[in-house]
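Descriptive analysis of the structure
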Amino acid sequence: METLTAALRSLLPHDSVITDPVRLRTYECDGLTYHRATPGVVVLPDTAEQVARVVRVCNDFGVPFVARGSGTGLSGGALPREDGVLIVTSKMRRILEIDLDNRRAVVEPGVTNLAITEAVRDRGYYYAPDPSSQQVCSIGGNVAENSGGAHCLKYGFTVNHVEACEIVTPDGDLVTLDRMDPGYDLLGAFIGSEGTLGIATKITVRLSRAPEAVTTVLAAFESIEQGGQAVSAIIGAGIVPAAIEMMDALAIEAAEAAVACRYPEGAGAVLIVELDGPRAEVDEQFARLTEICSGAFELRVAAGAAERAAIWKGRKSAFAAVGRISPAYIVQDGVVPRTSLPGVLAAIDRLSHEHGIRVANVFHAGDGNLHPLVLFDDAEPGAGERAEVVSGAILDLCIEHGGSITGEHGVGVDKSRYMPKMFSADDLDTMQLVRCAFDPRGLSNPGKVFPTPRLCGEVPGVRKGVHPLVESGKAEQF
Amino acid sequence: MLADTGVTIRQADADDAVNGVRPRWVALPETVEEISAVLRACAEQDLAAVPAGGGTKLHWGAPPERCDVLIDLCCMNSLIEHAAGDLVVRAQAGLTMDALAAALAEQGQELALDPPFKEHTTVGGTLATATAGPRAFRYGTPRDLLIGITVVLPDGTVARSGGRVVKNVAGYDLGKLFTGSQGTLGVIAEATFRLHPLPAERRWLVATTAPAGDVLLRLAASQAEPSAVEIDCPDGKEATVAVLVEGAAAEQRALGLREVLGEGTITAEAPEWWGLILRDDVLLETRFPPARAADALAAAGEAGFAFRGSAAAGRAYLELWGEVAEEELAAAVTRLRGRIEALGGRLNVLATPYEGVDRWGQVSGLPLMRRVKERFDPGRRMSPGRFLGGI
Ligand SMILES: Cc1cc2nc3c(=O)[nH]c(=O)nc-3n(C[C@H](O)[C@H](O)[C@H](O)COP(=O)(O)OP(=O)(O)OC[C@H]3O[C@@H](n4cnc5c(N)ncnc54)[C@H](O)[C@@H]3O)c2cc1C
Ligand SMILES: Cc1cc2nc3c(=O)[nH]c(=O)nc-3n(C[C@H](O)[C@H](O)[C@H](O)COP(=O)(O)OP(=O)(O)OC[C@H]3O[C@@H](n4cnc5c(N)ncnc54)[C@H](O)[C@@H]3O)c2cc1C
């Protein structure tokens, strides 16, 4: 480690190489605080060339390296290696170019998601993928996780909005992957690879035109089944809203207690539907939506930005709120086909009763992305284990219904052991071919995504209280 | 050997030639397992294989270095599942795009690619060539609409990635890698796509003079939200522009676009050239920053190519109508590539009868692509030499 550190110091300015044990601990986990490891050494490069040199040194020494953006990941993807180098992009925060004529911006990986939108909002543009952590998470982290947001039902994920990436390959070459290039879609393979195929050092994103009109509707239903039926009917009517979000009674209760969002009283489920686009189209869709939601006992329509924010407030604070009503909880992130939602929700309810563990449901109903909150009291003996069983059983339900073990938070270290449940050994081996082509020595973020033996007694994804980012108002949790 | 697999095999004839290279046999697998059996047999015997869908674009790309077996997917033509409520469809690779479209239309849905629904074009061929039509401006290209894939590797391994839900970030996305891989990594056996509801209405605004660059930009950025902005310029001089609006209030939005364009006729039918490649003995594909569409158009015209394509999405096909000698074409391609690359774009030759023409420009990721090919196909048995850099 010492000769490695000396080599790194010869490449980077003094204050860009961190070895002080106290400062190293700042980086020992990401948003999933359950997994911790103190990095061997942390570097804060300023340029792509420096990243490449650091990676080359790691190759010379045969030590692993892990990229880290803002550390908001919820699957332990940026968990460091004690025997390796953590490469943090927080100094690489320049917006290099804004080219509205071509609807694109070129940015460094440490730039936050929201900063891109803020740079172009005045001129009627925005960057579409909007993870709830957008105020803080980095675009490099978004690329690595193929992040989504509430609006990806209509607008897609990071991979649909990235035009090109300059990357440092795991053996230290600077290579540009561009959608325009002929040949294999390496850019598509790289996005969502969770830092295992190299480090993004420059990202060209596509900018979107702000829509002419936005209409946000809150529909309150007696039961979650009715809410689910409305979702199906909306899709069945050929409407693709910008977002369809749903909350169940327990989630509403928690949100109410925390932020007094004043959702209709007695609702078994609320649905938030946002329509956007050309005004004439939004108006027409809104008329049909009102008909479809005729079973709702209350329908609220936001007249302006302030009312829209009020409607979203309850939904956006639901996670933090749940953190306030339960000493500990696991946020699950699974996906089911939208039409399986009613059956899966009923099964979650059964699981909850069987194990005596409360589950609050808050989810992206439009694309079947569940974020069940598995609540428990960690002071109660055995409760953590039962919560873990419920949380794992929910993922099994997702797989059984043809869904996925993760819709947006990634596999990281947290879910790698679930990968063999979703994929066969041949599927995983084939993915390894890609890994080996990019990273033959396995130095780039090893131990993530693909299964490795699990440590005894490891409980997945447990959180206590409110996430500090949420608490400080810097991020919302969806 | 091949016959022992139990898969239907026939002797190849001259019509089965892949860009002039005649295979010995044609295999007609009916299941994923049969594709696997054929490829395993090929691996044992070191036979080179080329997958084929409808065979309409087998002349795209370089001729294979060798070709023993043509794997014809025509028998794998079923629609496996259309989950209309989930806006998802899963189909076998040999299903034709028009059969797929017809089935989806029954439920008021579509796969938002624009193949002209030639009766032979298959799902697998469309993916393997990654062809994109006018509406890619709004909906993206095949890689954006593909959410799950089943492939068979050259050693017979069957691998799946993605799934049947739109939102899914578990594992690497093999679908991206196989989209546009031109049959060089393995055989695409099944694919799952996200669908869109069929738009209630469609209107085209058509004007006969190509607008200046900044008008194109204003069309693309218009809040009337066009789905496509196309230019057709067959002779390098006379150009037509057509803008498509889809969905509710299409007529009204088209009127708004006419104000931007300053002229044009609004129709409910596409212009007859919409999304069509008419001749592809010599066919080039160019991509460019959308703001440079007018420059790309001018460069193509001066080099003697017809230009047709998605101005707003930065992609167009260049056709050559007359006869052209090898050296002349090679020189024209090199010159035009120089000009397009100076605009920040790319120029590839999709089809040419001549070996002396450089089909591909510079690609920064080529060494990585070679490594991917080596891992997936170390024996170089899948469509060897068909793709860029001799992959
Ligand atoms: C409150 C809260 C709300 C959230 N909401 C959402 C949401 O709505 N949608 C969603 O998708 N996610 C959400 N997340 C998860 C998280 O914010 C995203 O995954 C985000 O993309 C991570 O970005 P980051 O910069 O924090 O990355 P990090 O946590 O630092 O790293 C994440 C992964 O990316 C890799 N990585 C980082 N930078 C690079 C780089 N330059 N090149 C290559 N690999 C790199 C790391 O190695 C790691 O594997 C939320 C998280 C929190 C805490
Ligand atoms: C938007 C759009 C516009 C189009 N416009 C036109 C047009 O104007 N004129 C026109 O003639 N055609 C047009 N087409 C059709 C299209 O170009 C081809 O017909 C189609 O992409 C090839 O399909 P195919 O089944 O005939 O493939 P083939 O010609 O059989 O094969 C093409 C290539 O794909 C490979 N391949 C085929 N199947 C597989 C598989 N299952 N796995 C791996 N590799 C495979 C082959 O080896 C070959 O390299 C258009 C298509 C689209 C999507």
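Quick summary incoming for the structure in this document. (Residues numbered from 1 in each chain as written. Chains lettered and ligands numbered in written order. Predicted model: local features only at pLDDT ≥ 70, side-chain atom pairs only at ≥ 80, totals over all residues. Heavy atoms only, no water.)

Focus on the overall build of chain B
Quick reminder of the rule: Here a helix means four or more residues in a row that DSSP labels H or I, a strand means two or more in a row labelled E, and each is numbered from the N terminus. Put simply, the radius of gyration uses C-alpha atoms, and a globule should come to 2.2 Å times the residue count raised to 0.38. Only protein chains enter the area calculation, which uses a 1.4 Å probe; residues under 20% of their type maximum are buried, those over 50% are exposed, and those in between are partly exposed. We call two residues in contact whenever any of their non-hydrogen atoms come within 4.5 Å of each other. Residue burial considers only the protein chains on display, and all accessible areas are found by Shrake-Rupley using a 1.4 Å probe. This count recognises Lys and Arg as positive and Asp and Glu as negative, with His and chain-terminal groups excluded. By convention, the point assigned to a charge is CZ for Arg, NZ for Lys, CD for Glu and CG for Asp.
Looking only at helices and strands, chain B has 11 helices and 19 strands in total. In terms of overall dimensions, chain B is globule-like: its C-alpha atoms have a radius of gyration of 21 Å, near the 21 Å expected for 391 residues. In terms of principal-axis extent, the alpha carbons of chain B reach across some 65 × 55 × 35 Å. Counting only residues that meet the buried cut, chain B has 61% of its 391 residues in that class. In chain B, once contacts between residues fewer than 6 apart in sequence are set aside, the share between residues at least 24 apart is 68%. Summing over all exposed atoms, chain B offers an accessible surface of approximately 13,900 Å²; the carbon and sulfur share of this is 48%. With 39 positive and 51 negative side-chain charges, chain B shows a separation of 5 Å between the mean positions of the two kinds.

Considerations on unusual backbone geometry
Backbone geometry at Ala260 of chain A places phi at a positive 45°, although glycine is not the residue there. With respect to the secondary-structure elements, Ala260 of chain A resides in the loop between α9 (249–259) and β14 (269–277). One non-glycine residue with positive phi stands out, namely Arg380 of chain B, at about 50°.

Things to note about the site of ligand 2
Residues and elements named next belong to chain B. As a reminder of what qualifies: Residues are counted as near a molecule or strand when any one of their heavy atoms sits within 4 Å of it. Polar contacts, as used here, are pairs of N or O atoms within 3.5 Å; protein pairs need one atom able to donate a hydrogen and one able to accept it. Residues neighboring in sequence count only if both atoms are side-chain atoms. Residues are grouped as follows: nonpolar covers Ala, Val, Leu, Ile, Met, Phe, Trp, Tyr, Cys and Pro; charged covers Asp, Glu, Lys and Arg; every other residue, Gly included, is treated as polar.
As a matter of local geometry, ligand 2 sits amid 35 residues, with Pro51, Thr56, Lys57, Thr122 and Ile277 nearest to it. A distance of 2.5 Å separates an oxygen atom of ligand 2 from a polar atom in the side chain of Thr122. In this structure, Thr129 approaches ligand 2 through a side-chain N or O atom, which is 2.9 Å from an oxygen atom. If ligand 2 stood free it would expose 970 Å²; the protein chains cover 98% of that surface. Per-element accounting of the shell around ligand 2 gives the leading share, five residues, to helix α3 (residues 123–129). Looking at the shell around ligand 2, its residues break down into 15 nonpolar, 17 polar and three charged.

Structural notes on the packing of aromatic side chains
Put simply, the rule is: Stacked, tilted and edge-to-face are the three classes applied to pairs of Phe, Tyr and Trp rings, where Trp contributes its six-membered ring and a pair requires centres within 6.5 Å; stacked means planes under 30 degrees apart, edge-to-face means over 60, and tilted covers the rest. When the NZ atom of lysine or the CZ atom of arginine is within 6 Å of a ring's centre and also within 35 degrees of its normal, the charge is said to sit over that ring.
Here the structure, examined in full by the defined rule, presents seven aromatic pairs over all chains. Judged by centre distance (5.7 Å) and plane angle (85°), the ring pair of Trp204 of chain B and Trp274 of chain B falls under edge-to-face. In this pair, Trp204 of chain B sits in strand β12 (residues 202–207) while Trp274 of chain B sits in the loop between β15 (265–267) and β16 (283–287), placing the two residues 70 residues apart along the sequence. The buried category is assigned to Trp204 of chain B, whose relative accessible area is 8%. Under the relative-accessibility criterion, Trp274 of chain B is labelled buried at 13%. Across the ring face of Tyr125 of chain A, the terminal group of Arg209 of chain A is positioned such that the distance to the ring centre comes to 5.5 Å. Here the guanidinium or amino end of Lys316 of chain A rests over the ring plane of Trp312 of chain A, the centre of that ring lying 5.7 Å away.

Comments concerning the environment of Thr122 of chain B
Residues and elements named next belong to chain B. Of note, Thr122 is situated in the loop between β7 (109–110) and α3. The class of Thr122 is buried, set by a relative accessible area of 5%. Between the C-alpha atom of Thr122 and that of Ile80, which follows or precedes it by 42 residues, the distance is 15 Å. Not counting the four nearest positions on each side in its chain, Thr122 is found in contact with Gly53, Gly54, Ala93, Gly94, Leu95, Thr96 and Met97. A polar side-chain atom of Thr122 sits 3.0 Å from the main-chain amide nitrogen of Gly125.

Notes on the site of ligand 1
Residues and elements named next belong to chain A. Residues in close proximity to ligand 1 total 36 residues, the closest being Ala67, Gly69, Thr72, Ser133 and Ser138. Contact between ligand 1 and Asn142: an oxygen atom at 2.8 Å from a side-chain N or O atom of the residue. A distance of 3.3 Å is found between a nitrogen atom of ligand 1 and a side-chain nitrogen or oxygen belonging to Glu408. Within the complex, the protein chains bury 100% of what would otherwise be the 970 Å² of accessible surface of ligand 1. Of all elements in the fold, only β3 (65–68), α5 (139–145) and β10 (199–206) reach the threshold of two or more residues within the shell around ligand 1. In terms of residues, the shell around ligand 1 owes the most to one element, α5, which gives five residues. Residues of the shell around ligand 1, tallied by class, amount to 10 nonpolar, 21 polar and five charged.

Details of the sheet that holds strand β9 (residues 158–162) of chain B
All names here are of chain B. Threshold: Any two strands are treated as partners once DSSP identifies two or more bridges connecting them. Convention adopted: a line fitted to C-alpha atoms gives each axis, helices being fitted over their contacting stretch, and angles between N-to-C directions are expressed from 0 to 180 degrees.
Strand order in the open sheet formed by five strands is β5-β6-β10-β8-β9, with antiparallel pairing between adjacent strands. Among the strands making up the open sheet, the edge pair consists of β5 (79–83) and β9. Taken pair by pair, the neighbouring strands of this sheet meet at an average axis angle of 10°, ignoring direction. Taken together, the six bridges between strand β8 (residues 146–152) and strand β10 (residues 187–194) define a ladder with antiparallel strand orientation.

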